[in-house]
Amino acid sequence: MGLLLLLTSSLLSSYFHPGIVVDAQRSFTIRNISLSIEPSTDVSQDTNVTVRCKAIVSISGQEALSREYTIYKDGNTVYTKTTSTSDDLLYLLPGARVSNTGKYKCKINIEGKERTSEATKLTVTGLSKPELHLNKGVLNEGEEVTATCTAPGETGSIFFYFYEDSKMIEVNPSNSNKLEAKFRFSSVGIHKIHCTYAVVIMAESFKSEQSNIVTVSVKGLSITPVLEIFRQSKVYEGDQLDISCTIRNFLYSSGSKPVYLYLSHGTRLLSSGETKVNHSMVAQAKDPVDFECRLEMGNVVKVTTEKVSVTELFSAPTLTMSPAEVFQKDLMTLTCKSDNYASERMTREELTYSLKPPDSPLTPIKPGVFSGKALHVDFNYTCVAQAKGIKKHSKTLTVHPKVFVSTPKISVVGKAVLGKPFKILCQSDTGSFPINYTLIQNFVQMSTTTVTLLSQKALFTVTVSMPDDISKYMCEAKNSPRDGLLSKRLNATIIVPLTDLTLIVLPHLPEISEGDQLHLICGTKGTPPVTFKLYRDGTKLPLFTTTTDKNNTNYNIPRLSKEHSGTYYCEAVNHANNVVHSEKVTIEVRMALWKKAVIGGVCLVVLSLLVVACALYFKSKRVRMVRAAVSVWSERPPEAANDEESSVVSSEPDVEYTEVVHPQPVDTVRVPLRKGTDTVYSELKNPPHGAADPHDYGSVEYAELNGDRPEISHHLPEVNDHRDLPVPVD
């Protein structure tokens with residue numbers, strides 16, 4: 001009865017002991033935990049540091065364990081995380097600073113069972129330069145100044161020191177990387193202020209003298225774990241392995257601590273128990289990993305390991321594709337094959353191959369060979385080789401079906417100017433790289449370029465001399481053994497540079513007068529749109545600017561004046577960016593016709609008045625002369641006349657009659673103005689031969705008045721008295 005109670009007590013104690021999971025279906029053991037610092041334990045500031053905590057835990061079953069990690073720095077907890085994965089715990093220190101210097105440890109806790117790594121020291125060197133800022137640069141005596149000292153990027157406990165002319169005037173601690181201090185200066189003048197700081201990592205310690213020596217003895221336990229693997233001399237994949245983990249030299253006593261056994265294969269816990277653990281498994285040729293039998297009794301841990309070499313029954317298959325590049329809907333073949341197999345244990349025919357996923361569009365045509373058409377999208381294939389219950393998978397093969405290139409498009413990049421180089425772009429909307437683009441002119445290949453990246457472009461530089469030449473270009477795109485695809489002919493506008501800029505003036509230059517409407521027409525040859533500018537000499541800014549889709553433009557001046565006279569010229573530019581100028585045209589605005597008519601009329605009136613005045617003047621003078629002539633030819637008695645006539649007949653000298661017209665003005669008082677023509681006759685009497693006339697009065701003046709009166713003729717008497725003679729006519 002006592003023995004039964006003892007057994008029950010022992011079972012209950014082991015059932016509730018820490019480190020043993022209550023669930024009988026699962027048990028675990030923490031084999032090891034370590035902490036490492038990357039990239040190094042000695043780094044400079046701003047280095048990205050990773051603290052890695054690695055725990056090796058053996059566990060039975062597939063259910064994940066909840067692991068609680070704790071990172072310590074100098075004994076203080078700096079990071080805690082709970083996870084159910086077996087991945088390493090990473091504690092990141094981006095841009096490490098001096099304050100991160102210290103000793104780090106890692107602890108893991110799984111369902112109450114803990115294990116702590118050894119401490120690893122991290123040393124970070126280098127401090128950033130402090131920065132000092134004052135709220136005032138100039139202040140009055142007695143005023144207070146605020147100084148701010150900053151330690152850029154630093155963390156931790158920091159002491160800041162302020163100095164005036166190299167003399168420390170204040171020191172203060174801070175838990176941030178900046179500190180403000182206020183102080184006054186005791187004297188006037190120039191003061192130089194600066195600051196420093198110190199990062200406190202650990203309190204300064206002093207070592208004591210050595211204590212007395214005490215001797216202690218530690219005895220080892222005789223208990224040891226035993227690992228046995230029952231196998232053949234040469235183990236192949238698929239063979240049965242029987243493994244046993246037991247205890248040797250174990251003497252149980254009432255004060256003994258519980259003993260636990262753990263059988264592991266790598267990180268996989270195969271089995272666990274108290275006094276003996278057995279496990280059976282199929283051998284597999286994986287990376288050689290030791291089998292481990294682990295004994296834990298309180299804080300005592302003893303381990304024994306053994307390695308089993310397993311010969312590969314067949315190698316892992318490889319999956320290949322032919323052809324190496326395949327296009328959408330092209331026929332493709334996948335071949336799955338294990339290169340090596342243990343011929344002493346099996347034949348090649350025993351190997352079977354299959355594809356995953358099972359619903360792949362490829363069908364087997366012979367063992368390990370699968371054929372079908374490529375899909376339109378990327379697809380992942382995996383090959384599975386199987387024999388004697390052993391399955392091995394190939395690496396995943398991703399098939400990237402290439403896309404046939406689409407019909408290319410051809411276009412001009414930027415502007416195409418006649419006679420100047422420009423670029424032609426060939427581009428397809430779809431198609432797998434690399435794509436070969438070929439420029440063709442009149443079905444003759446000119447140049448080829450290969451595009452291998454999405455950011456690349458197929459550009460060709462050409463020059464055309466005639467506008468119609470641009471339609472002779474095409475391009476070809478090709479990315480497969482098939483024939484390339486041709487684009488349409490290049491359809492683009494060729495910009496013809498401007499030439500022959502002329503300035504036409506309407507009306508014509510000789511006909512331009514004040515008040516007329518003037519049209520200045522600028523015309524050129526070239527491709528619109530054209531920007532026209534009209535200038536006048538003497539002005540910097542244009543009189544007129546316009547952009548039109550025509551080759552000419554018109555500037556209108558509705559009413560001309562003398563101020564519009566000057567020299568004009570046109571300037572034009574189009575997208576070819578060549579500026580052309582017309583010849584200069586000089587415009588002279590003449591006087592208006594009505595002004596000329598007025599001036600002419602006035603002149604005619606003045607001239608008419610002058611003519612009338614002259615006519616009146618001449619007529620008045622002629623009348624005066626006629627009257628003078630009438631007074632000379634006065635009537636005498638007939639008898640005297642007859643006597644005189646007879647005497648004249650007898651002794652009349654030669655007489656010469658001359659018609660003299662006198663332009664002298666007529667005296668309108670003595671002789672009234674009469675119509676008709678006035679004729680004056682001068683009678684020149686020549687003396688007899690040999691007789692001399694003492695006076696030069698030999699002419700008698702006759703007046704013939706043609707008018708309404710009948711003509712009157714008188715015989716003039718001979719006059720001897722010189723006073724009666726008329727005035728000689730000049």
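Residues numbered from 1 in each chain as written. Predicted model: local features only at pLDDT ≥ 70, side-chain atom pairs only at ≥ 80, totals over all residues. Heavy atoms only, no water.

Q: Just checking my understanding: could you explain the overall build of the protein for this structure?
A: Counting its regular elements, the protein contains 3 helices and 52 strands. Across the 730 residues that make up the protein, the buried fraction comes to 34%. Within the protein, contacts between residues at least 6 apart in sequence are counted, and of these 63% link residues at least 24 apart. Accessible surface, the protein as shown: approximately 45200 Å² in total, 53% of it carbon and sulfur. (Helix = DSSP H or I, 4+ residues; strand = E, 2+ residues; numbered from the N terminus. Buried < 20%, exposed > 50% of the residue type's maximum accessible area, 1.4 Å probe, protein only. Contact = heavy atoms within 4.5 Å. Areas by Shrake-Rupley, 256 points an atom, 1.4 Å probe, with all protein chains shown as cover.)

Q: Looking at this structure, I do not really get the state of the cysteines. What am I missing?
A: Disulfide: a covalent bond connecting the sulfur atoms of a pair of cysteines. Summed over the entire model, instances satisfying the criterion amount to 5 disulfides. Here Cys53 pairs with Cys106 through a disulfide, and the sulfurs are 1.7 Å apart. Every disulfide takes its handedness from the sign of the S-S torsion; for Cys53 and Cys106 that torsion is -80 degrees, giving left-handed. In this pair, Cys53 is assigned in strand S3 (residues 49-59) and Cys106 in strand S7 (residues 102-110), connecting sequence segments 53 residues apart. Cys106 shares its class with Cys53; the two are buried. Bridging Cys149 to Cys195, the disulfide has an S-S length of 2.0 Å. What sets the handedness of the Cys149 and Cys195 disulfide is the S-S torsion sign, and at about 75 degrees it is right-handed. With a gap of 46 residues between them, Cys149 in strand S11 (residues 145-150) and Cys195 in strand S15 (residues 193-200) connect regions that are remote in the sequence. There is no split in this pair, since Cys149 and Cys195 are both buried. Each bonded cysteine of the protein is numbered by sequence order, and under that numbering the disulfide pairs are 1-2, 3-4, 5-6, 7-8, 9-10. (Disulfide = S-S within 2.5 Å.)

Q: What's the story with the sheet that holds strand S39 (residues 473-478) in this structure? I'm lost.
A: Strand pairing within a sheet occurs via backbone hydrogen bonds; the two strands may be parallel or antiparallel. Reading across from one edge, S37-S36-S39-S40 is the order of the 4 strands in this open sheet, with antiparallel pairing throughout. Taken across any chain shown, the strands that pair with only one partner, and hence form the sheet edges, are strand S37 (444-451) and strand S40 (485-486). Sheet topology note: the S39/S40 ladder contains 2 bridges and is antiparallel. Opposite Glu476, over in S40, you have Leu486 as the bridge partner. (Pairing = 2+ DSSP bridges.)

Q: What is the right way to read the sheet that holds strand S25 (residues 318-322) from this model?
A: The strand order across the open sheet built from 4 strands is S25-S26-S29-S28, with neighbouring strands paired in antiparallel fashion. Strands at the two margins of the open sheet, each flanked by one partner only, are S25 and strand S28 (363-366). The sheet shows a mean angle of 30 degrees between the axes of neighbouring strands, taken without regard to direction. With 3 bridges connecting them, S28 and strand S29 (residues 369-373) associate as antiparallel partners. Across the sheet, residue Thr363 finds its bridge partner in S29, namely Ser371. (Axes fitted to C-alpha atoms, helices over the stretch in contact; angles between N-to-C directions.)

Q: Just to check I follow, could you spell out the nonpolar core for this structure?
A: Among soluble globular proteins, nonpolar side chains are generally buried collectively. By size, the foremost hydrophobic cluster in this structure holds 25 residues, and its most contacted members are Val57, Ile71, Tyr104, Ile108 and Leu122. When contributions to this core are tallied by element, the ones reaching two or more residues are strand S1 (28-38), S3, strand S4 (67-73), strand S6 (89-93), S7 and strand S9 (120-125). Excluding residues within four positions of it along the chain, Ile71 makes contact with Leu35, Cys53, Asn76, Thr77, Val78, Tyr79, Leu89, Tyr91, Tyr104, Lys105 and Cys106. Of all hydrophobic cores here, the second largest spans 22 residues; its members include Leu313, Phe314, Leu319 and Ala374. (Core = buried A, V, L, I, M, F, W, Y, C linked by side-chain atoms within 4.5 Å.)

Q: Can you help me understand the environment of Arg536 in this one?
A: Considering the arrangement of structural elements, one finds Arg536 in strand S44 (residues 530-536). A relative accessible area of 23% places Arg536 in the partly exposed class. Counting along the chain gives 50 residues from Arg536 to Thr586, while the straight-line C-alpha distance between them is 9.6 Å. Sequence-distant contacts of Arg536, defined by excluding residues within four places in its chain, comprise Leu543, Glu563, His564, Ser565, Gly566, Thr567 and Tyr568.

Q: Quick question: what am I supposed to make of a nonpolar patch on the surface here?
A: Among the surface-exposed residues, Val598, Val602, Leu604, Val606, Leu607, Leu610 and Val611 lie close enough to one another that they form a single nonpolar patch of about 640 Å² accessible area. With respect to the helices and strands, the residue Val606 is situated in helix H2 (residues 593-632). (Patch = residues over 30% accessible without salt bridge, like charges linked within 9 Å, V, L, I, M, F, W, Y side chains within 5 Å. Salt bridge = Lys/Arg side-chain N within 4 Å of Asp/Glu carboxyl O.)

Q: How do you make sense of the pairing of strand S26 (residues 331-337) when you look at a structure like this?
A: Regular strands place side chains that alternate from one sheet face to the opposite one. Only one face of S26 is covered, namely the one carrying Met332, Leu334 and Cys336; the face carrying Leu331, Thr333, Thr335 and Lys337 has none of its residues buried. When S25 meets S26, the two strands line up antiparallel, connected through 5 bridges. By the bridge assignment, Thr318 is partnered in S26 with Lys337. By the bridge criterion, 5 bridges tie S26 to S29 in an arrangement that is antiparallel. Pairing of Met332 across the sheet is with Gly372, part of S29.

Q: What's the story with unusual backbone geometry in this structure? I'm lost.
A: Among all residues save glycine, negative phi is the norm, and among peptide bonds the norm is trans. Cis peptide bonds are those with omega within 30 degrees of zero, and the linkage from Lys356 to Pro357 qualifies with 0 degrees. Position of Pro357 relative to the elements: it lies in the loop between strand S27 (352-356) and S28. The residue after Leu506, namely Pro507, is reached through a cis peptide bond having omega 0 degrees. Of note, Glu111 is a non-glycine position whose phi angle comes to about 50 degrees, a positive value. Tracing the chain through its elements places Glu111 in the loop between S7 and strand S8 (113-116). For Glu111, a relative accessible area of 40% gives the class partly exposed.

These results come straight from atomic positions and should not be treated as a statement about function.
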